[in-house]
Amino acid sequence: MISLRTKDQVTDAAAGRLFALARSPNAMLRLSDARIARTIYPAGFYRVKAGQILGISRALLARHGGRVPADRDALMALPGVGLKTANLVLGRALGVPSICVDVHVHRISNRLGLVRTRTPEETEAALRRVLARRLWVRWNGWLVGYGQRICQPVSPWCSRCRLRPQCPRRGVKRSR
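If you're wondering where the values come from, they're calculated on a predicted model, not measured in any experiment. (Residues numbered from 1 in each chain as written. Predicted model: local features only at pLDDT ≥ 70, side-chain atom pairs only at ≥ 80, totals over all residues. Heavy atoms only, no water.)

(A) Main features of the pattern of salt bridges. Following the criterion strictly, the structure yields 3 salt bridges and no others. Notably, a salt bridge pairs Arg72 with Glu124, separated by 2.8 Å at the nearest N-O pair. Taken as a pair, Arg72 in helix α5 (residues 72–76) and Glu124 in helix α8 (residues 120–130) lie far apart in primary sequence, 52 residues in all. Judged by its relative accessible area of 28%, Arg72 falls in the partly exposed class. The network of salt bridges with shared partners includes Arg72, Glu124 and Arg128. (Salt bridge = Lys/Arg side-chain N within 4 Å of Asp/Glu carboxyl O. Helix = DSSP H or I, 4+ residues; strand = E, 2+ residues; numbered from the N terminus. Buried < 20%, exposed > 50% of the residue type's maximum accessible area, 1.4 Å probe, protein only.)

(B) Main features of the nonpolar core. Ile2, Leu18, Ile36 and Ile53 are the most contacted members of the largest nonpolar core, which totals 25 residues. Where this core is concerned, the elements lending two or more residues are α1 (8–21), α2 (25–29), α3 (33–40), α4 (46–64) and α6 (83–93). (Core = buried A, V, L, I, M, F, W, Y, C linked by side-chain atoms within 4.5 Å.)

(C) Quick peek at the packing of helix α7 (residues 103–111) against helix α9 (residues 136–149). The geometry of α7 relative to α9 is characterised by a closest axis approach of 8 Å and an angle of 85° between their N-to-C directions. Taken together, α7 and α9 sit at an angle that is classed as roughly perpendicular. Packed against α7, whose contacting residues are His104, Val105, Arg107, Ile108 and Ser109, the element α9 presents Trp139, Asn140, Leu143, Val144, Tyr146, Gly147 and Gln148 at the interface. Of the residues contributing to the contact of α7 with α9, the split by class is 6 nonpolar, 5 polar and 1 charged. (Axes fitted to C-alpha atoms, helices over the stretch in contact; angles between N-to-C directions. Parallel < 35°, antiparallel > 145°, perpendicular 65-115°, else oblique. Contact = heavy atoms within 4.5 Å. Nonpolar A, V, L, I, M, F, W, Y, C, P; charged D, E, K, R; others polar.)

(D) Summary view of the environment of Arg174. Along the chain, Arg174 turns up in the segment after α9. Sequence separation of Arg174 and Val154 is 20 residues, and the distance between their C-alpha atoms is 7.4 Å.

(E) Region of interest: α3. Listed as buried for α3 are Ile36, Ala37, Thr39 and Ile40. Seen from one end, α3 has its buried residues packed into an arc of 165°, which puts them on one side. Looking at the buried positions of α3, the neighbouring elements they touch are α1, α2 and α4. (Arc of directions from axis to C-beta.)

(F) Molecular detail of the side chain of His104. Positionally, His104 belongs in helix α7. By relative accessible area, which is 13% here, His104 ends up buried. Within polar-contact distance, the side chain of His104 engages the side chain of Arg107 at 2.9 Å. Filtering out sequence-adjacent residues up to four positions away, His104 remains in contact with Leu143, Val144, Gly147 and Gln148. (Polar contact = N/O pair within 3.5 Å; in protein donor to acceptor, adjacent residues only side chain to side chain.)

Listed below in C-alpha coordinates is the structure:
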(Lines give C-alpha, C1' and ligand atoms only; values in the text may rest on other atoms or scores of the structure.)
Protein backbone atom coordinates (compact mmCIF):
# COMPACT_ATOMS: atom_id res chain seq x y z
CA MET A 1 0.00 0.00 0.00
CA ILE A 2 2.75 2.44 0.92
CA SER A 3 4.60 2.02 -2.40
CA LEU A 4 1.85 3.44 -4.62
CA ARG A 5 2.99 6.80 -6.00
CA THR A 6 6.00 6.79 -3.69
CA LYS A 7 9.71 6.36 -4.38
CA ASP A 8 11.25 3.06 -3.31
CA GLN A 9 13.59 4.64 -0.76
CA VAL A 10 10.68 6.44 0.95
CA THR A 11 8.57 3.27 0.86
CA ASP A 12 11.30 1.11 2.38
CA ALA A 13 11.94 3.55 5.22
CA ALA A 14 8.22 4.07 5.92
CA ALA A 15 7.49 0.33 5.91
CA GLY A 16 10.42 -0.28 8.25
CA ARG A 17 9.10 2.30 10.72
CA LEU A 18 5.55 0.93 10.51
CA PHE A 19 6.53 -2.71 10.95
CA ALA A 20 8.71 -1.75 13.91
CA LEU A 21 5.46 -0.62 15.57
CA ALA A 22 3.12 -3.37 14.36
CA ARG A 23 3.71 -6.65 12.52
CA SER A 24 0.19 -8.09 12.50
CA PRO A 25 -3.36 -6.90 11.78
CA ASN A 26 -4.16 -7.03 15.51
CA ALA A 27 -1.15 -4.90 16.37
CA MET A 28 -1.92 -2.51 13.51
CA LEU A 29 -5.44 -1.95 14.86
CA ARG A 30 -3.97 -0.80 18.17
CA LEU A 31 -2.47 2.19 16.31
CA SER A 32 -4.51 5.27 15.49
CA ASP A 33 -5.04 6.49 11.96
CA ALA A 34 -2.97 9.58 12.83
CA ARG A 35 -0.10 7.51 14.25
CA ILE A 36 0.10 5.37 11.12
CA ALA A 37 -0.03 8.49 8.94
CA ARG A 38 2.82 10.13 10.91
CA THR A 39 4.82 6.91 10.77
CA ILE A 40 4.60 6.45 7.00
CA TYR A 41 5.03 10.13 6.14
CA PRO A 42 6.43 11.37 3.65
CA ALA A 43 4.90 8.59 1.52
CA GLY A 44 2.46 9.98 -1.01
CA PHE A 45 -1.16 10.10 0.18
CA TYR A 46 -0.01 9.01 3.64
CA ARG A 47 -3.33 9.93 5.31
CA VAL A 48 -5.39 7.92 2.82
CA LYS A 49 -2.96 5.00 3.05
CA ALA A 50 -3.18 5.03 6.86
CA GLY A 51 -6.94 4.54 6.63
CA GLN A 52 -6.51 1.80 4.03
CA ILE A 53 -3.98 -0.01 6.20
CA LEU A 54 -6.46 -0.04 9.08
CA GLY A 55 -9.28 -1.14 6.76
CA ILE A 56 -7.15 -3.97 5.40
CA SER A 57 -6.20 -5.02 8.92
CA ARG A 58 -9.89 -5.17 9.92
CA ALA A 59 -10.79 -7.12 6.78
CA LEU A 60 -7.92 -9.59 7.23
CA LEU A 61 -9.13 -10.34 10.74
CA ALA A 62 -12.81 -10.53 9.81
CA ARG A 63 -12.51 -12.51 6.57
CA HIS A 64 -9.20 -14.36 6.68
CA GLY A 65 -8.33 -15.06 10.30
CA GLY A 66 -5.66 -12.36 10.27
CA ARG A 67 -3.71 -13.97 7.41
CA VAL A 68 -2.99 -12.53 3.99
CA PRO A 69 -4.88 -14.64 1.43
CA ALA A 70 -2.93 -16.21 -1.43
CA ASP A 71 -5.77 -15.52 -3.86
CA ARG A 72 -5.90 -12.54 -6.23
CA ASP A 73 -9.66 -12.02 -6.00
CA ALA A 74 -9.59 -12.17 -2.20
CA LEU A 75 -6.74 -9.64 -2.13
CA MET A 76 -8.57 -7.33 -4.53
CA ALA A 77 -11.62 -7.45 -2.26
CA LEU A 78 -9.57 -5.76 0.47
CA PRO A 79 -9.97 -1.96 0.79
CA GLY A 80 -7.70 -0.07 -1.59
CA VAL A 81 -6.12 -3.16 -3.15
CA GLY A 82 -6.10 -3.24 -6.94
CA LEU A 83 -4.62 -5.61 -9.49
CA LYS A 84 -1.08 -4.20 -9.22
CA THR A 85 -0.94 -4.47 -5.44
CA ALA A 86 -2.58 -7.90 -5.41
CA ASN A 87 -0.04 -9.25 -7.91
CA LEU A 88 2.85 -7.65 -6.02
CA VAL A 89 1.75 -9.29 -2.76
CA LEU A 90 1.16 -12.65 -4.43
CA GLY A 91 4.55 -12.69 -6.13
CA ARG A 92 6.88 -10.98 -3.70
CA ALA A 93 5.34 -11.89 -0.34
CA LEU A 94 3.66 -15.22 -1.02
CA GLY A 95 5.69 -16.71 -3.89
CA VAL A 96 2.65 -17.19 -6.11
CA PRO A 97 3.50 -16.69 -9.81
CA SER A 98 2.01 -13.32 -10.81
CA ILE A 99 2.92 -10.31 -12.95
CA CYS A 100 2.83 -6.93 -11.27
CA VAL A 101 2.25 -4.32 -13.98
CA ASP A 102 2.98 -0.71 -13.16
CA VAL A 103 3.58 2.17 -15.59
CA HIS A 104 7.16 1.05 -16.27
CA VAL A 105 6.25 -2.57 -17.01
CA HIS A 106 3.35 -1.44 -19.21
CA ARG A 107 5.45 1.09 -21.16
CA ILE A 108 8.57 -1.06 -21.64
CA SER A 109 6.71 -4.27 -22.50
CA ASN A 110 4.95 -2.31 -25.27
CA ARG A 111 8.12 -0.56 -26.47
CA LEU A 112 9.88 -3.91 -26.72
CA GLY A 113 7.03 -5.24 -28.82
CA LEU A 114 6.22 -8.06 -26.38
CA VAL A 115 2.64 -6.82 -26.15
CA ARG A 116 0.44 -4.30 -27.88
CA THR A 117 -1.88 -3.01 -25.18
CA ARG A 118 -3.48 0.20 -23.96
CA THR A 119 -3.86 -0.44 -20.24
CA PRO A 120 -1.83 -2.10 -17.48
CA GLU A 121 -4.66 -4.64 -17.06
CA GLU A 122 -4.42 -5.63 -20.73
CA THR A 123 -0.62 -5.75 -20.40
CA GLU A 124 -0.82 -8.15 -17.45
CA ALA A 125 -3.11 -10.51 -19.38
CA ALA A 126 -0.94 -10.31 -22.53
CA LEU A 127 2.31 -10.89 -20.61
CA ARG A 128 0.81 -14.03 -19.05
CA ARG A 129 0.58 -15.41 -22.60
CA VAL A 130 4.09 -14.47 -23.78
CA LEU A 131 6.38 -14.65 -20.73
CA ALA A 132 7.65 -17.88 -19.26
CA ARG A 133 5.91 -18.41 -15.90
CA ARG A 134 9.29 -18.53 -14.11
CA LEU A 135 9.87 -14.87 -15.12
CA TRP A 136 6.52 -13.45 -13.94
CA VAL A 137 7.49 -12.35 -10.44
CA ARG A 138 10.90 -10.97 -11.48
CA TRP A 139 9.60 -9.03 -14.52
CA ASN A 140 8.44 -6.04 -12.48
CA GLY A 141 11.70 -5.77 -10.55
CA TRP A 142 13.73 -5.84 -13.73
CA LEU A 143 11.71 -3.21 -15.55
CA VAL A 144 10.96 -0.70 -12.79
CA GLY A 145 14.56 0.37 -12.22
CA TYR A 146 15.25 0.24 -15.95
CA GLY A 147 12.24 2.44 -16.61
CA GLN A 148 13.36 4.95 -14.00
CA ARG A 149 16.94 5.21 -15.28
CA ILE A 150 17.02 4.23 -18.97
CA CYS A 151 13.66 3.61 -20.66
CA GLN A 152 12.01 6.76 -19.36
CA PRO A 153 8.56 7.88 -20.52
CA VAL A 154 9.75 10.94 -22.45
CA SER A 155 13.02 10.86 -24.37
CA PRO A 156 14.39 7.51 -23.18
CA TRP A 157 18.14 6.90 -23.10
CA CYS A 158 18.17 4.55 -26.11
CA SER A 159 21.89 5.31 -26.61
CA ARG A 160 22.57 3.62 -23.22
CA CYS A 161 20.14 0.75 -23.64
CA ARG A 162 21.57 -2.77 -23.91
CA LEU A 163 18.35 -3.91 -25.56
CA ARG A 164 18.49 -1.34 -28.37
CA PRO A 165 19.58 -3.79 -31.09
CA GLN A 166 16.49 -5.94 -30.46
CA CYS A 167 14.06 -3.17 -29.48
CA PRO A 168 11.54 -1.94 -32.07
CA ARG A 169 11.10 1.22 -29.89
CA ARG A 170 7.33 1.21 -30.36
CA GLY A 171 5.86 4.57 -29.47
CA VAL A 172 9.24 6.30 -29.06
CA LYS A 173 9.16 9.60 -30.89
CA ARG A 174 12.32 11.14 -29.41
CA SER A 175 15.26 9.61 -27.60
CA ARG A 176 18.70 10.45 -26.34
